[in-house]
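Fold and contact review
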Amino acid sequence: MFFRKNKSPSTLSDEELILKYKETSDSALFGELFKRYTPFVFGVCMKYLKDQEESKDAVMVIFEKLMDDLKKHSVTNFKAWLHMVSRNNCLMQLRQHKSSNIESVSDSLPDLVMESEEDLHLFIEKEGQLQKMEASIQCLSEEQRVCVQLFFLKEKTYQEVCDETGYTMNQVKSFLQNGKRNLKIILQRHHAE
């Protein structure tokens, strides 16, 4: 793509800015993206963090990270990708604040780079399903919940679950089997509602 040397960064599309930034590392080009998308990223952060000061700090962290990430990734839909990066950053921050007895299903998710609106829609749909799963796990009995979280979410072996909980091997297998069955029932009940 041909760019005139005197073309102002404010007149370039997101894709042109990113391409030129990758080629030149010109901070003015990145600054234009920052100017365009700071309110958007702040809004995403407020949605998850629900605190103005934490959200302002998160915006700065996200854009600092973007300076390097934009050079490494091929981004075809910048706004959707930026939403995903912002969301992941906020979820990571929330996980750090959670107390140790609350387990997040999101811990098992890899950081995803979204490159299309369709990918973003699918991920948001999956996020809703995972939130239902997390809520459903909390409905299990204490023994079943602990065994399910250790075995499926933390990928512990049967023996490691026994060692951490003090349950016998037969108890662990029973709690897992009953936990899976009860989880399926709870999820079916949620789906019917």
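Residues numbered from 1 in each chain as written. Predicted model: local features only at pLDDT ≥ 70, side-chain atom pairs only at ≥ 80, totals over all residues. Heavy atoms only, no water.

Some points on the nonpolar core
Counting 26 residues, the largest nonpolar core has Cys45, Leu66, Leu70 and Phe78 as its most contacted members. For this core, the secondary-structure elements that each account for two or more residues are helix H1 (14-24), helix H2 (27-49), helix H3 (52-72) and helix H4 (78-97). Beyond its immediate stretch of four places on either side in the chain, phenylalanine 78 contacts Asp14, Ile18, Leu33, Tyr37 and Leu70. Residues Val146, Cys147, Phe175 and Ile186 belong to the second largest nonpolar core, which totals 13 residues. (Core = buried A, V, L, I, M, F, W, Y, C linked by side-chain atoms within 4.5 Å. Buried < 20%, exposed > 50% of the residue type's maximum accessible area, 1.4 Å probe, protein only. Helix = DSSP H or I, 4+ residues; strand = E, 2+ residues; numbered from the N terminus. Contact = heavy atoms within 4.5 Å.)

Quick notes on the packing of aromatic side chains
Throughout the structure, instances matching the rule amount to eight aromatic pairs. For the ring pair tyrosine 21 and phenylalanine 30, a centre distance of 5.4 Å and an interplane angle of 40° mean the geometry is tilted. Here tyrosine 21 matches phenylalanine 30 in class, with each residue buried. Summarising the aromatic geometry, the rings of tyrosine 37 and phenylalanine 78 are spaced 5.1 Å apart at their centres and angled 70° between planes, so their arrangement reads as edge-to-face. Residue tyrosine 37 is found in helix H2, and its partner phenylalanine 78 is found in helix H4; the two are separated by 41 residues along the sequence. On the basis of relative accessible area, tyrosine 37 is assigned to the buried category, the value being 11%. Each member of the aromatic cluster is reached from another via a ring pair, and the members are Tyr21, Phe30, Phe34 and Phe63. The lysine or arginine in question, lysine 173, covers the ring of tyrosine 158, its NZ or CZ lying 5.5 Å from the ring centre. (Phe/Tyr/Trp six-rings, centres within 6.5 Å; stacked < 30°, edge-to-face > 60°. Lys NZ or Arg CZ within 6 Å of the ring centre and 35° of its normal.)

Comments concerning the packing of H1 against H2
Packing of H1 against H2 brings their axes to within 8 Å, and their N-to-C directions diverge by 145°. At the point where H1 passes H2, the crossing takes the left-handed sense. Residues Asp14, Leu17, Ile18, Lys20, Tyr21 and Thr24 of H1 lie in contact with H2, whose contacting residues are Leu29, Phe30, Glu32, Leu33, Arg36 and Tyr37. Class assignment for the residues of the contact of H1 with H2 results in seven nonpolar, one polar and four charged. (Axes fitted to C-alpha atoms, helices over the stretch in contact; angles between N-to-C directions. Left-handed = near helix turned anticlockwise from the far one by under 90°. Nonpolar A, V, L, I, M, F, W, Y, C, P; charged D, E, K, R; others polar.)

Here's the deal with unusual backbone geometry
Despite not being glycine, serine 25 has its phi angle at roughly 55°, a positive value. Assignment of secondary structure puts serine 25 in the loop between H1 and H2. You can call serine 25 partly exposed: its relative accessible area is 38%. The backbone of lysine 50 sits at a positive phi, close to 55°, despite the residue not being glycine. Its place among the elements puts lysine 50 in the loop between H2 and H3. Accessibility expressed as a relative area gives 65% for lysine 50, which makes it exposed.

Comments concerning the pattern of salt bridges
Following the criterion strictly, the structure yields seven salt bridges and no others. We note a salt bridge from aspartate 14 to arginine 36, for which the minimum N-O separation is 2.7 Å. Of the two residues, aspartate 14 sits in helix H1 while arginine 36 sits in helix H2, which places them 22 residues apart along the sequence. Residues glutamate 32 and lysine 35 are paired through a salt bridge, measuring 3.7 Å at the closest nitrogen-oxygen approach. A residue pair is termed a helical-turn pair when its members lie 3 or 4 positions apart in one helix, as glutamate 32 and lysine 35 do in helix H2 at three residues. Glutamate 32 gets classed as buried once you look at its relative accessible area, which sits at 9%. Here the salt bridges share partners, and the residues they tie into one network are Asp14, Glu32, Lys35 and Arg36. (Salt bridge = Lys/Arg side-chain N within 4 Å of Asp/Glu carboxyl O.)

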